[in-house]
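Chain and residue survey
So the chains spell out like this:
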Amino acid sequence: MTLAEKYRELIDLAKAHQLNVDHSGKVLRVEGTVTSSDVKNQLWAIYQRIDPHFKSNDVILNVKTNVTEGGKVKVVTMESRLNIRKGPGTDQPIVGKAEKGDIITLISKTNDQWWLVRDNDGEEGYCYSQYLEPVQ
Amino acid sequence: MKTLRVFSMVALILALGLGATSCKQVSDADLQTAAQELLIANPDLAEVTVTVADKVATLTGSVAVDSLKALAETTVAGVKNVKSVVNELEVVPPAPDYTELDATINAALADALKDHAKVTAEVKDGVITLTGEITKKALPILMEKLNALNPVQIVNNLTVK
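A brief structural summary.

Calculation notes
Residue numbering note: each chain is counted from 1, following its sequence as written. Ligands are numbered from 1 and chains lettered from A, in the order in which they are written. Whole-chain, interface and lining totals are the exception, using all residues; otherwise, since this is a predicted model, local features are given only for residues with pLDDT of at least 70 and side-chain atom pairs are given and counted only at 80 or more. What counts as a helix is a DSSP run of H or I of at least four residues, what counts as a strand is a run of E of at least two, and both are numbered from the N terminus. Our contact criterion uses C-beta atoms placed from the backbone: two residues qualify when those atoms are within 7 Å. Two strands form a pair only when DSSP identifies at least two bridges running between them. Fitting a line to C-alpha atoms yields each axis, with helices limited to the stretch in contact; the angle taken between N-to-C directions then spans 0 to 180 degrees. Residues enter a nonpolar core if they are buried, belong to Ala, Val, Leu, Ile, Met, Phe, Trp, Tyr or Cys, and are joined to the set through C-beta atoms within 7 Å. Residues are called buried when their C-beta atom has 20 or more other C-beta atoms within 10 Å, exposed when it has 12 or fewer, and partly exposed otherwise; all C-beta atoms are positioned from the backbone. Our angle categories are set so that under 35 degrees counts as roughly parallel, over 145 as roughly antiparallel, 65 to 115 as roughly perpendicular, and the remainder as oblique. Gly is placed with the polar residues, together with every amino acid not listed as nonpolar (Ala, Val, Leu, Ile, Met, Phe, Trp, Tyr, Cys and Pro) or charged (Asp, Glu, Lys and Arg). Each helix should span, by expectation, one fewer than its residue count multiplied by 1.5 Å. Note on bend: the value at a residue is the angle between axes fitted to the seven residues ending there and to the seven starting there.

A few words now on the overall build of chain B. For chain B, the count of helices and strands is five helices and eight strands. For chain B, the α and β elements follow one another from N to C terminus as α-α-β-β-α-β-β-α-β-β-α-β-β. Taking as baseline every contact in chain B between residues at least 6 positions apart, the subset at least 24 positions apart corresponds to 55%.

Right under this line is the structure:
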């Protein structure tokens, strides 16, 4: 079965949202930015349904959600609270914590991994971007 | 006696004739040297080997792009006394350089793996290889973080608990 056949559903959804899709090599690459985290979550859900333990090693799904600086983001940790750190890095001291489900303010995106936020107590610091998603 | 004279005349003419032509003739070895020197002068054609037989040059080896294949041919065709060129060059694109990507991924890995203590990751040629163990619940979270680093491939050898 070709990559295009195996991941047809994933590719169709990605293309419907104008993402870059490349299945010419041995790894299917889906890249780009979507406006809603729902679409991103849907893509990941389809991927996981096709390959539950991500063991096929044949996909790179690098989809980011379009978050505007100054906008609100939701804390989407598994169960723990999200660390807010003094600087962009896990080696930086923790200056605060945000509860799962909290809606906080994104001040700026330092890089793909670390975003500067302000929590509801007015505390500012850096959070790992993977645990934040835009609020519609 | 007469036959012998005729015979030696013929032999002499033949010898002279041959001698005369071989004076004008450049040997295949000379042509090969001249052609190879021209190729060596261009670093892009360093992997090209030329052999000459009966004034026909044959190119073997590899070049990075089609245009260099053509360039090698015209270069050798331009050597005086080369009759024709047989171009057997292969076009082999150079292996991409992943040094920068590996460094970027390595720099970001520590943060991405921070909440996954039992996971070890290795990066080579843009490929992240995972070993160790992880819970079924944490796996998609880790995968999302690693996919966001935009590697060439993720090889997941994790034991999913």
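We are not done yet, so read on.
It is worth spelling out the sheet that holds strand β3 (residues 59-65) of chain A at this point. Residue and element names in this part refer to chain A. Strand order in the open sheet formed by three strands is β1-β2-β3, with mixed pairing between adjacent strands. At either end of the open sheet lies a strand with only one pairing partner, and these are β1 (20-22) and β3. When strand polarity is set aside, the average angle formed by the axes of neighbouring strands in this sheet is 0°. Two strands pair when backbone bridges link them, and β1 and strand β2 (residues 28-34) are joined in this way by three bridges, in the antiparallel orientation. Each bridged residue has a counterpart across the sheet, and for Asn20 the counterpart in β2 is Glu31. Of the strands in this sheet, β2 and β3 are in contact with helix α3 (residues 37-50), which crosses β3 at around 165°.

By size, the foremost hydrophobic cluster in this structure holds 30 residues, and its most contacted members are Val30 and Leu61 of chain A together with Ile128 and Leu146 of chain B. Within the residue set of this core, elements represented by two or more residues are α2 (8-16), β2, α3 and β3 of chain A together with α4 (99-113), β5 (119-124), β6 (127-134) and α5 (138-147) of chain B. Sequence-distant contacts of Val30 of chain A, that is, excluding residues within four places in its chain, are made with Leu10, Ala14, Leu19, Val21, Leu61 and Val63 of chain A.

Glancing now at the interface of chain B and chain A. Contacts between the two partners involve 20 residues from chain B, matched on the other side by 17 residues from chain A. Looking at the side of chain B that touches chain A, the elements with two or more residues in it are α4, α5 and β7 (153-156) of chain B. When residues of the side of chain B that touches chain A are assigned to their parent elements, the largest contribution, seven residues, is made by α5 of chain B.

Another aspect to go through is the packing of α2 of chain A against α3 of chain A. Residues and elements named next belong to chain A. Running from amino to carboxyl end, α2 crosses α3 at an angle of 170°, the nearest separation of the two axes being 9 Å. Between α2 and α3, the angle is such that the two are roughly antiparallel. In contact with Glu9, Leu10, Leu13 and Ala14 of α2, α3 contributes Gln42, Leu43, Ile46, Tyr47 and Ile50. Of the residues belonging to the contact of α2 with α3, the class tally is seven nonpolar, one polar and one charged.

Residues and elements named next belong to chain B. Even without glycine at this site, Asp125 takes up a positive phi of about 50°. Tracing the backbone shows Asp125 in the loop between β5 and β6. Look at Asn150: it is not a glycine, yet its phi comes out positive at around 55°. Position of Asn150 relative to the elements: it lies in the loop between α5 and β7. For Asn150, a count of 16 C-beta atoms within 10 Å translates into the label partly exposed.

Looking only at α5 of chain B, the buried set comprises Leu139, Leu142, Met143, Lys145, Leu146 and Asn147 of chain B. Residues of α5 of chain B that are buried make contact with β3 of chain A together with α4, β5, β6, β7 and β8 (159-160) of chain B.

Moving on: the pairing of strand β4 (residues 72-75) of chain A. Residues and elements named next belong to chain A. By the alternation rule, side chains of β4 split into Val73 and Val75, which are all buried, and Lys72 and Lys74, of which none is buried. Here three bridges tie β4 to strand β7 (residues 103-109), and the two strands are oriented antiparallel to one another. Within β7, the residue paired with Lys74 across the bridge is Ile103. Sheet topology places β4 next to strand β10 (residues 132-134); three bridges connect them, and they run antiparallel. Paired with Val73 across the two strands is Pro134, which belongs to β10.

Take α4 of chain B next. All names here are of chain B. For α4, which comprises 15 residues, the first-to-last C-alpha distance of 21 Å matches the rise-based estimate of 21 Å (1.5 Å per residue) to within 8%. Along its length, α4 reaches its greatest deviation from straightness, about 30°, at Ala107. Among the residues making up α4, those that are buried are Ile105, Ala108 and Ala112.

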